[in-house]
Each structure stands twice: as structure tokens, then as C-alpha cells.
Amino acid sequence: MLGFLLRLLPFWVREPLLITVGSVLGVRIMYLGVRDHDWVAVGLGVVFLVFTAIRVHVVVRALRARRNPGPAAPVGGSAALVGGPAVAADGPAVAAAAQAGAGPRPGRPGTPEKDHNAWGQAIAAVAVFGAVAAVLWLGPRVMPSDDSSTQQTASCSDGEHEELPKAYEKKPRPVTGEELCEALNRPDLARLLGTPEETASSASGTNNTAPLTDGKVALPEAEVRFETYTVNVSATYNDLSTDQYVKLMKYGDEKDVRTLKVLGRPAVFSSDHTMKLEISLGSDGSAGSGGPVEEGPLARTLSVALDRDDRGGYCDFTVWSTTGALPDDRVLLDIADKVLPKIPERTAR
């Protein structure tokens, strides 16, 4: 149906419209493909751009043909008008018909046929396309939405503001768990995880302190749960540099250790198992016996220094699932790129 409607449009409306649509879609699809490392999308964007280049070539040829028209083809039967023998041979009737065909076309005498305004039609086509795009873009923002069909994400705030530990009174002040949660609980977090159809079932933030530090090291933490994945972000404000942290990993059970740079900061990938703890409740709802601590599913963690100079402290981005499946490392990098700018860099003390 769309192809039929396009064929009905005049040439100088249809071609600029196809060029505009093809160039916009091609560039957009290629950008998304390169950003998400989706080479199929990149190839599709190239196809759109090649199609657009072909349409541009067609329009350029048409413009050149209009500016430099070739010699008109000889009118059939004109030979019958030249020379007496031809007229005599073909007869008076044929000669009269030839003369009638060579006369001016019906209409106002002496008025040439009006030429189409090619540039005006092209500008009108682009304007129409821009108006349609503006309506499609502004429509969802102007029209009222159906609240019953809109999925609500989990909220970070529980309405209670607990007193911060003394470790959070240092200057500059460490980020709080609620601030971490607000930074992590983004509307596009499910899309970054590769599960855009899912909605966060819970989101929380806590203002912890690191163990064995007598409450002197702030360790805020935030966690967002989905049906498939759980994402945890924590910031440890100690004096341990990333280089020292990597050396400690060699003595632990971390697997697949890989160092890199994230937003100009030293970072390291590592894998380790979570812990699984089951607590059985009594028949009256009171706390019952607890089972032994077991090894949970594998988790993937990206640890990034709190500042570019790696003065100490790091931020952990961890993701895991109950099935043990893990997303690509690119997912954690995308999440870190979005959340890290919300966490102030650690300055010199």
C-alpha cells in the first residue's frame, strides 16, 4: 500500500522524500548498531545509505537533463511537407493530416507549457516529511497516556530517612545509598540489560559501612531486581587502589580477571560466586533454623576507581541471575557509563 502511494507522488516530491527518509534512517540505524555492537544493524544502515545514494544520483541526472535539454526529435510525417513529389505520392489527405499534426496544440495560442517548479516541490516534500515527523515525535508527549497500561518502576525511597553513620560526615561526603539507587534505577536499565520488556520488581539503597573497619569506611549500596537479572552497585571509600585490588584478586577465587579503563579510570572485570542462605520460619511465623551457607550463582563484577588518579576506593557494578546466566561484559560497561557520572569523583584528601 505504501509503495503504491509513493508511485502516485510526482517525481520531484517522491525522490526528495525517499532521500530524506533513507538518510535519516540509515544514519540512525548505523549509530545504534555501532553503539550496541550489532553488526547486522550496521549492515542494514549501510543498505539504507546506499539506497539513498542511488536516489540522489537519479535526482542529479534529472536536474542535469532539465538544465541541458537535448535536440527535439523530428516530427513524424514532416517529410510529407517538403517537396511536391512526396505530397503527390501520399495524396492530399496524408499531407493535410501532416500539416494538422504539425500545428500548435490546442489551448491559448502563443502560450508555452508551464514548467514544473522542481525546487519548490522538493522543499514542500521535505516540509511535509518534517511535519509528519514532528507529529509522531510530539504525539506521545502531548496526548494523555493510559495510566492503566503504563508499567510503574520500583521506587528507591521508602519514606524513612535514617541517620547516616559518621563515616558519611567526611569531606567530601560519600554518596549515599539512596543517591546510588536513584542513579542506578534508570528507565532504560532493563534495555541496557537486554530485557527491555521487563520492569524492576524492587529497588533499594543502604548506607552501610565496610566490615572490620569499626564503622570508619563508608560503603553505600544499591540494588535493582528484575525477573531475569539483579544489578548491584556499591562504592567503597577506603584507601585501596585498583592496582592493589587486582593483586588481592590473585589470592582469591575471582575468575576471568581483566583490567581496562572506564571513563579514563582504572577498572577491572572479575567473576565470583554469590552466597546462598536459606532461613526456615517456624509455624507461628517466628524465626526458625537456618540452613548452611551455600554457593550461589556466578556473578560478574566491574570495579572502577573512584577517581582518575586512583587515589583509593572503588565502585563495584555487579550483575547476576538465579539461572546462572550472565549478560555480555558490554552490559556492565554501558551501566557504568550511565551511573558513574552521577557519583562525584574522589578528590585529594
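Residues numbered from 1 in each chain as written. Predicted model: local features only at pLDDT ≥ 70, side-chain atom pairs only at ≥ 80, totals over all residues. Heavy atoms only, no water.

S.K.: What's the story with the overall build of the chain in this structure? I'm lost.
M.R.: Within the chain, the regular secondary structure consists of ten helices and nine strands. Pairs at least 24 apart in sequence give 60% of the contacts found in the chain among residues at least 6 apart. Of the roughly 22,600 Å² that the chain leaves accessible, carbon and sulfur atoms contribute 59%. (Helix = DSSP H or I, 4+ residues; strand = E, 2+ residues; numbered from the N terminus. Contact = heavy atoms within 4.5 Å. Areas by Shrake-Rupley, 256 points an atom, 1.4 Å probe, with all protein chains shown as cover.)

S.K.: Looking at this model, I keep getting lost on the state of the cysteines. Mind explaining?
M.R.: One pass over the full model with this rule turns up one disulfide. Linked covalently through their sulfurs, Cys-156 and Cys-181 form a disulfide whose S-S length is 2.1 Å. Of note, the bridge from Cys-156 to Cys-181 carries an S-S torsion of about -80° and is left-handed in sense. Taken together, the residues span a long stretch of sequence, with Cys-156 in the loop between helix H6 (118-142) and helix H7 (177-184) and Cys-181 in helix H7 at a distance of 25 residues. The residues Cys-156 and Cys-181 share a single accessibility class, namely buried. (Disulfide = S-S within 2.5 Å. Buried < 20%, exposed > 50% of the residue type's maximum accessible area, 1.4 Å probe, protein only.)

S.K.: Just to check I follow, could you spell out the side chain of Arg-300 for this structure?
M.R.: Structurally, Arg-300 is set in strand S8 (residues 294-305). Of the polar contacts made by the side chain of Arg-300, one reaches the side chain of Asp-329; its length is 3.0 Å. When residues no more than four places from it in sequence are discounted, the contact partners of Arg-300 are Lys-255, Asp-256, Phe-269, Ser-270, Ser-271, Phe-317, Thr-318, Val-319, Leu-326, Asp-329 and Leu-332. (Polar contact = N/O pair within 3.5 Å; in protein donor to acceptor, adjacent residues only side chain to side chain.)

S.K.: Please explain the confidence of the model for the chain as it appears in this structure.
M.R.: Fine structural detail should not be taken from predicted coordinates in areas where pLDDT scores are low. Mean pLDDT over the chain stands at 76; residues scoring 70 or higher make up 66%. For residues 75-116, every residue scores under 50 in pLDDT, and the model assigns this stretch 16 contacts once sequence neighbours within four places are set aside. Of the regions scoring below 50 in pLDDT, residues 142-152 engages in three contacts with residues more than four places distant in sequence or in other chains. (pLDDT = per-residue confidence, 0-100.)

S.K.: Hey, could you run me through the nonpolar core in this one?
M.R.: A general tendency of soluble globular proteins is for nonpolar side chains to be buried together. Grouped together as the largest cluster of nonpolar side chains are 42 residues, with contacts concentrated most on Leu-184, Leu-193, Val-262, Leu-302, Phe-317 and Ile-335. Examining the composition of this core, we find that six residues originate from one element, helix H10 (residues 329-339), more than from any other. Beyond its immediate stretch of four places on either side in the chain, Val-262 contacts Ala-267, Leu-302, Val-304, Leu-333, Ala-336, Asp-337 and Leu-340. In terms of nonpolar packing, the next biggest core, distinct from the first, is built from six residues, Leu-240, Tyr-245, Met-249 and Tyr-314 among them. (Core = buried A, V, L, I, M, F, W, Y, C linked by side-chain atoms within 4.5 Å.)

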